[in-house]
Amino acid sequence: MGESKINAMLDITPDICPVTFVKTKLKLEQLHKGDILEVILNGGEAIKNVPRSVKGEGHKIVMMEKIGEKYRLLIEKGGYAVNIKLNGEKELLDKEYTVNELIREYELSPDMVTINLNGTVLLRETFDNIIIKSGDSVDLLFSGKDK
Amino acid sequence: MDFSEEQIIRYSRQIVLPEVGGIGQKRINEGRVLIIGTGGLGSPAAYYLVAAGVGTIGIIDYDVVDLSNLQRQILHTTKDIGRLKVDSAKEKLIALNPDCNIVSYHERLTAQNIKEIINDYDVIVDGADNFATRFMANDACVMANKIFFHGGVLGFTGQTFTIVPGKGPCLRCVLREPPPPVSVPTCSQTGVLGVLAGTIGLIQATEVLKYLLGKGDLLVGRLIAYDALDMRFREIRVKKDPDCPVCGDNPTITGPDDYELAGICRTEKERGS
Ligand SMILES: [Zn+2]
């Protein structure tokens, strides 16, 4: 198979949970979106948990192969994984959106909704300037001003 | 992110959190926090902030460790009785995490030194043992535009909220004046169940970490009133007062000389550490 270009490598075979994932996560933070990280890890706990956690943060496992007792993973760095609470439910966004972009992402029109960000109702004029960050709590309320 | 192997392991349980990561850990490591007092509130707050890796912690306390402190001031132990609280505290904090730079001030916080001391820090934690110091710190923080994490405990109750100058109310908006000395409880009325200081001090520390991380919703404009007997946290909406003498439209307290510090005896401790 045509293997992607590898931008960084990491050997986490000496480590145990949660350091295995922490090192992978720290390495991924240094890369750019689309970059490929090669990780060598052990079977058992590491191969069970690391890929799952990596996916949970919005990255992609491009390849996984077994080499003897060890495993080799290729991870494509995903967009900036943004964890928010949307109307009380956990939601994972692939990047940091402005309020306006988020509204459009849900195929809504900005003048149909009222946005409550971390307990504060936003003025419509600010929708383009405010960026939704990880940890934010967003309530998307229909203001009933449908035209 | 250039963390040492030791740091990666030490902070692994928080770096794994999506809200923290290497970027957040770096922000914590670069944080500069002043804790006023190493008593009931300051002890748990300092201990956990140092554990989390806050890079620089200032501690200011004039007192020495007394046997009666040990019921709640968990940084000090029986063998520390008679030692300076700042020395005893610093020893425990460095033992916990040698990564942290602990700056100790063995002095009282006064109108003369407060401005210069708080200037070196991003945020200030209220662990004061008297109303006068607490109000003076509130005023100085508002004037210096520093975030002040208020906390207080008495009996089975505690209260806390976060003061972000310009964003929400300050302590004077809510309480207006330190109570006159006669109404400040006497020694027999200053009982507190030690764990209360832990609960409130750690809410303050939590707020500090959230602030450093830039995550979540700070306790601004909302005061948490905790009643341990009912085991209830009530949230009280508190508003910025346009007539507030410090942060209002026409402030009358504008400099350190305006603090009224006389009149409160130090033995008349209240809602404090
Ligand atoms: Zn005020």
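Keep in mind the model is a prediction, meaning the values are calculated, not measured. (Residues numbered from 1 in each chain as written. Chains lettered and ligands numbered in written order. Predicted model: local features only at pLDDT ≥ 70, side-chain atom pairs only at ≥ 80, totals over all residues. Heavy atoms only, no water.)

A. Just the pattern of salt bridges, in detail. Residue and element names in this part refer to chain B. Using the criterion set out here, one finds 17 salt bridges over all chains in the structure. The partner of R83 in a salt bridge is D80, with the nearest N and O atoms 2.8 Å apart. Its relative accessible area of 26% is what places R83 among the partly exposed residues. Put simply, R172 and D139 hold a salt bridge, and the shortest N to O gap is 2.5 Å. With R172 in helix α8 (residues 171-175) and D139 in helix α7 (residues 131-144), this pair connects stretches of sequence that are 33 residues apart. Given a relative accessible area of 0%, D139 falls into the buried group. Here the salt bridges do not stand alone but share partners, grouping K79, D80, R83, E91 and K92 into one network. (Salt bridge = Lys/Arg side-chain N within 4 Å of Asp/Glu carboxyl O. Buried < 20%, exposed > 50% of the residue type's maximum accessible area, 1.4 Å probe, protein only. Helix = DSSP H or I, 4+ residues; strand = E, 2+ residues; numbered from the N terminus.)

B. Structural detail: the coordination of the zinc ion. Residue and element names in this part refer to chain B. Summarising the metal site, the zinc ion is bound by the protein donors C170 (SG), C173 (SG), C244 (SG) and C247 (SG), whose distances to it range over 2.2 to 2.3 Å. Coordination at the zinc ion is tetrahedral: its four donor atoms span angles of 91 to 123° at the metal. Ordering the donors of the zinc ion by residue number gives the pattern C-x2-C-x70-C-x2-C. One end of the pair, C170, is in the loop between β6 (157-163) and α8; the other, C244, is in the segment after β8 (232-237), and 74 residues separate them in sequence. Relative accessible area serves as the criterion here: at 1%, C170 is assigned to the buried category. Judged by relative accessible area, which is 0%, C244 ranks as buried. (Donors = N, O, S within 2.8 Å, 3.2 Å for Na, K, Ca; no water. Tetrahedral: all angles 85-135°; square planar, octahedral: opposite > 155°, others 65-115°.)

C. Region of interest: the side chain of A:N118. Relative to the elements of secondary structure, A:N118 occurs in the loop between β7 (113-117) and β8 (120-121). When its relative accessible area of 18% is taken as the criterion, A:N118 is described as buried. There is a polar contact of 2.7 Å between the side chain of A:N118 and the backbone nitrogen of A:S137. Not counting residues up to four positions away in its chain, the partners in contact with A:N118 are A:G135, A:D136, A:S137, B:G216 and B:D217. (Polar contact = N/O pair within 3.5 Å; in protein donor to acceptor, adjacent residues only side chain to side chain. Contact = heavy atoms within 4.5 Å.)

D. Broad picture of the packing of aromatic side chains. Residues and elements named next belong to chain B. A complete count under the given rule lists two aromatic pairs over all chains for this structure. With a centroid separation of 6.0 Å and 50° between ring planes, the pair formed by F131 and F135 is classed as tilted. In this pair, F131 and F135 both sit in helix α7, four residues apart, roughly one turn of the helix. The class of F131 is buried, set by a relative accessible area of 9%. Between Y226 and F233, the aromatic rings sit 4.4 Å apart at their centres with planes inclined by 10°, giving stacked as the arrangement. Judged by its relative accessible area of 7%, Y226 is buried. We note R32 situated over the ring of Y121; from NZ or CZ to the ring centre the distance is 5.6 Å. (Phe/Tyr/Trp six-rings, centres within 6.5 Å; stacked < 30°, edge-to-face > 60°. Lys NZ or Arg CZ within 6 Å of the ring centre and 35° of its normal.)

E. Geometry of the interface of chain A and chain B. The partner chain B presents 18 residues to the 15 residues of chain A that form the contact. Roughly 1500 Å² of surface becomes buried between chain A and chain B when both sides are summed, with 60% attributable to carbon and sulfur atoms. The three residues of chain A that bury the most area against chain B are A:V22, A:L26 and A:E29, which together make up 28% of that side's buried surface. The tally of links from chain A across to chain B stands at one salt bridge. For A:K23, the salt bridge is made with B:E5, and the minimal N-O distance between the two is 2.6 Å. On inspection of chain A and its partner chain B, the count reaches seven residue pairs in polar contact (both at pLDDT 80 or more). Tallying contributions element by element places helix α1 (residues 19-30) of chain A first for the side of chain A that touches chain B, with eight residues. (Buried area = accessible area lost by both parts, 1.4 Å probe.)

F. Seen up close, the confidence of the model for chain B. Here chain B averages 90 in pLDDT, while 89% of its residues score no lower than 70. Below a pLDDT of 50 lies the segment residues 261-272 of chain B, which in the model reaches 41 contacts outside its immediate sequence neighbourhood of four places, other chains included. (pLDDT = per-residue confidence, 0-100.)

G. Representation of the packing of α1(A) against helix α3 (residues 21-29) of chain B. Interaxial distance between α1(A) and α3(B) falls to 8 Å at its minimum, and their mutual angle equals 90°. If you check the angle between α1(A) and α3(B), you find them roughly perpendicular. Listed contacts from α3(B) to A:K25, A:L26 and A:E29 of α1(A) are B:G21, B:G22 and B:I23. Per-class residue counts for the contact of α1(A) with α3(B) are two nonpolar, two polar and two charged. (Axes fitted to C-alpha atoms, helices over the stretch in contact; angles between N-to-C directions. Parallel < 35°, antiparallel > 145°, perpendicular 65-115°, else oblique. Nonpolar A, V, L, I, M, F, W, Y, C, P; charged D, E, K, R; others polar.)

H. Focus on the sheet that holds strand β1 (residues 32-36) of chain B. All names here are of chain B. Pairing in this open sheet of eight strands is mixed, and the strands run β3-β2-β1-β4-β5-β6-β7-β8 from one edge to the other. Edge positions in the open sheet fall to β3 (101-105) and β8, since each of these has one partner strand only. Averaged over all neighbouring strand pairs, the angle between strand axes comes to 15°, with direction disregarded. With seven bridges joining them, strand β5 (residues 147-154) and β6 adopt antiparallel strand pairing. Opposite F148, over in β6, you have I163 as the bridge partner. Its contacts with the sheet put helix α4 (residues 42-52) on β1, β2 (56-60), β3 and β4 (123-126), and the angle it makes with β1 is roughly 160°. Running over the sheet, helix α9 (residues 194-213) touches β1, β4, β5, β6, β7 (222-227) and β8 and is turned about 170° from β5. (Pairing = 2+ DSSP bridges.)

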